[in-house]
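# Examining the three-dimensional arrangement
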Amino acid sequence: MMVELASIAAVAMASISSDEPANVKVVTTETIIAAPPAKVWDAVRDVYAVDTRLVPGMVTKVERAGDVRTVTFTNGFVVKERIIAVDDRSRRITYSAVGGKATYHVATMQVTANGRDGSKVIWQTRFLPAELEPFISQNMQAGSTVMKAHLETQ
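Residues numbered from 1 in each chain as written. Predicted model: local features only at pLDDT ≥ 70, side-chain atom pairs only at ≥ 80, totals over all residues. Heavy atoms only, no water.

## Structural notes on the sheet that holds strand S3 (residues 68-73)
Taken in spatial order, the seven strands line up as S1-S7-S6-S5-S4-S3-S2 in an open sheet, and their pairing is antiparallel. Each edge of the open sheet is held by one strand with a lone partner, namely strand S1 (25-33) and strand S2 (59-65). The average undirected angle you get between the axes of adjacent strands in this sheet is 25 degrees. Where S1 meets strand S7 (residues 118-128), nine bridges bridge the pair, whose relative direction is antiparallel. In the strand pairing of S7, Thr-29 is matched with Trp-123. Each of S1, strand S4 (78-87), strand S5 (92-98), strand S6 (104-114) and S7 is contacted by helix H2 (residues 37-44), which is oriented at about 160 degrees to S6, the strand it contacts most. Here helix H4 (residues 133-153) sits on the sheet in contact with S1, S6 and S7, set at roughly 15 degrees to S1. (Pairing = 2+ DSSP bridges. Helix = DSSP H or I, 4+ residues; strand = E, 2+ residues; numbered from the N terminus. Axes fitted to C-alpha atoms, helices over the stretch in contact; angles between N-to-C directions. Contact = heavy atoms within 4.5 Å.)

This is the structure in structure tokens:
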């Protein structure tokens, strides 16, 4: 339990910077996946292939331009995200939406062990304005559900 709490704290602290605006909204999901952490991390860290490796059926296309990925969802929504870090040691990615409606956006996704052969994915998004919370929360929940189903059947 102590390791899991430390991991949650690490995810939270990793996404906080000295230039973060006051009153940011935070949405966090924790998803238990019946697959080894190495397997889950291998899919999460492949940040330019989320359409085939992480959330197929929810994301239809990912295009790469330098450190920015353009993600197209099945509902037609398109978002550009700058990949800030892929940290193999802590099994954590950090990315930020660029352009769009968010005036501030930093997200992290971290894979930790859960039991002997399972994984936990902690996904946290810090953003403004607060009005985006229902949209962000719904998409993170849907993404977590698709990710779990996909990785448990691979």
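Next, the rest of the story.
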